[in-house]
Structure formats: C-alpha cells, structure tokens
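# Secondary and tertiary structure notes
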Amino acid sequence: DAGVTQSPTHLIKTRGQQVTLRCSPKSGHDTVSWYQQALGQGPQFIFQYYEEEERQRGNFPDRFSGHQFPNYSSELNVNALLLGDSALYLCASSFFARGGNTDTQYFGPGTRLTVL
Amino acid sequence: DAKTTQPNSMESNEEEPVHLPCNHSTISGTDYIHWYRQLPSQGPEYVIHGLTSNVNNRMASLAIAEDRKSSTLILHRATLRDAAVYYCILSGGNKLVFGAGTILRVKS
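Residues numbered from 1 in each chain as written. Chains lettered and ligands numbered in written order. Predicted model: local features only at pLDDT ≥ 70, side-chain atom pairs only at ≥ 80, totals over all residues. Heavy atoms only, no water.

## Topic: the environment of Pro-43 of chain A
Structurally, Pro-43 of chain A is set in the loop between β4 (31–37) and β5 (44–50). Here the alpha-carbon distance between Pro-43 of chain A and Thr-14 of chain A, two residues 29 residues apart in the chain, equals 23 Å. If near-sequence neighbours (up to four positions away) are discounted, Pro-43 of chain A is found in contact with Tyr-35, Gln-36, Gln-37 and Leu-90 of chain A together with Pro-44, Tyr-87 and Phe-98 of chain B. (Helix = DSSP H or I, 4+ residues; strand = E, 2+ residues; numbered from the N terminus. Contact = heavy atoms within 4.5 Å.)

## A few points about the interface of chain B and chain A
Listed as interface residues are 18 residues of chain B and, on the opposing side, 23 residues of chain A. Summing the contributions of chain B and of chain A, the shared interface buries around 1,600 Å²; its carbon and sulfur component is 48%. Looking only at chain B, the three residues that lose the most surface to chain A are Asn-94, Lys-95 and Phe-98 of chain B, adding up to 37% of its buried area. Between chain B and chain A we count 0 salt bridges in total. Summed over the shared surface of chain B and chain A, the result is 4 residue pairs in polar contact (both at pLDDT 80 or more). Listing elements by their share of the side of chain B that touches chain A, those giving two or more residues are β3 (32–38), β4 (45–50) and β8 (84–91) of chain B. Looking at the side of chain B that touches chain A element by element, the count peaks at 4 residues for β3 of chain B. (Buried area = accessible area lost by both parts, 1.4 Å probe. Salt bridge = Lys/Arg side-chain N within 4 Å of Asp/Glu carboxyl O. Polar contact = N/O pair within 3.5 Å; in protein donor to acceptor, adjacent residues only side chain to side chain.)

## Thoughts on the pairing of strand β11 (residues 111–115) of chain A
Residue and element names in this part refer to chain A. Burial along β11 is one-sided: Thr-111, Leu-113 and Val-115 are buried, while Arg-112 and Thr-114, pointing the other way, are not. Of the pairings in the sheet, the one linking strand β2 (residues 10–13) to β11 comprises 4 bridges and is parallel in character. When the bridges of β11 are listed, Lys-13 appears paired with Val-115. (Buried < 20%, exposed > 50% of the residue type's maximum accessible area, 1.4 Å probe, protein only. Pairing = 2+ DSSP bridges.)

## Comments concerning the packing of aromatic side chains
Counted according to the given criterion, the structure contains 11 aromatic pairs over all chains. Note on Tyr-35 of chain A and Phe-45 of chain A: the rings are 5.6 Å apart at their centroids and 70 degrees apart in plane angle, and the pair reads as edge-to-face. Taken together, the residues Tyr-35 of chain A in strand β4 and Phe-45 of chain A in strand β5 connect sequence positions 10 residues apart. You can call Tyr-35 of chain A buried: its relative accessible area is 0%. Look at Phe-107 of chain A and Tyr-36 of chain B: their rings are 6.0 Å apart centre to centre, the planes differ by 85 degrees, and that puts the pair in the edge-to-face class. A residue pair is termed interchain when its members come from two chains, as with Phe-107 of chain A in strand β10 (residues 106–107) and Tyr-36 of chain B in strand β3. Ring pairs connect the aromatic residues Tyr-35, Phe-45 and Phe-107 of chain A together with Tyr-36, Tyr-46, Tyr-87 and Phe-98 of chain B, which therefore count as one cluster. Taking the ring centre of Tyr-106 of chain A as reference, the NZ or CZ of Lys-26 of chain A above it sits at 5.2 Å. (Phe/Tyr/Trp six-rings, centres within 6.5 Å; stacked < 30°, edge-to-face > 60°. Lys NZ or Arg CZ within 6 Å of the ring centre and 35° of its normal.)

Below you can see the structure in the form of structure tokens.
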C-alpha cells in the first residue's frame, strides 16, 4: 500500500513566478492537508481539502491556493513567489474528522521549494 | 489555538527509557493530545494520542496528568532510530498546530 506521495521532490523558482505542487493521498483517505515548514521550525498549517472544497485555512495569504480532484489527490499553488516562501511543503492525508478529534494524519516526504 | 510548551532538546542513552514532557495549561475539555515525530529529511510521523486516560501502543506510552495540563511521552527503550524532533500537539478539529518540538538525541 503506497503511502502519501508528493511531487516534485525539489524545485527551484525565482521571485514572482508561480508554482504547483502535487500530492496523492494514502489509499482510502478522503482528506488532504497542506503544511509549510521553514528551516528549523515546526510545520505550519496552510489549508485542508475535503470533498473538493477548502474546509479550513491557516494564516496564509490568498497567493496560496489549492485544489482537490475527484480521486482525492490535491494540488497546492503559490503565485507571485517571495523569497520567504522557500520551505519544505508537506502534504498529509487522513479521514475527515466529523467529531471533536483530529484523525491521524499521514505525511508525505515533502517538496523542497527554493525561491531565488 | 491552545499552546504547548516543550524543552528545546533532550539527550538519552541507547537502550534507556526516555520521558519527553509537554505542558499545555490552556487545554480545553475537547482537545486531544497528539504526539508526532519527524526524523531527519522525512515528513512527520504519528506516534500516539489520547484524551484523558494513559495510552500505550507499539511505539510508545502517553501519560496524561489528572488535570490534563501536562503529558509525557515515554519511549521505553530508546534506539538510535528514535533520534528525531518530537512534537506535542493539541487538536480539537481538522488541523494540527505544531510548535517547535523537542530535539531528542540518542547516544550509543
């Protein structure tokens, strides 16, 4: 059973460009969350997708947008890249939590984005 | 979002137990306590979670204080492969809010 996969592994862009990162969830999972991890810090929640809709969003500007497809895979798009967007971008999949608890999230290895 | 406080780093000897503390004095009644760890060059990995009672699984044990304002992750016999950043997280919804975590170093 394949776990969470992300592509590409590494990416180099210049300021002002746009980037798309991709994520395939663990088999059977219906929810995808995206996190940004700057060097030396813990991951920061960007947003979560379930049933092809953004269900919750962290404190990130509108330059960060996403999409979820009918097969539950997801994309993260970042427009007008800034130097500060350089980070490891992590995708996590889970079952949607309808109750009070957050379901266990399974993380992919991440995409390392460098903005020059 | 409820906040957690963890030591920046800890060191352990191989084959010895490790107790990783976490303070969460502002925890609400519905917040679950989750622990994840992140090995070098990998995404975070689920370790254990609990609400009120102590929990055990194949990886670790979670001891939760009676007032729920603190918890301790227990690795019963540390190995070199347990060297990682350990995150204590409170969650009551669909997102995980990570802090800086505790860097665990294991000496052989």
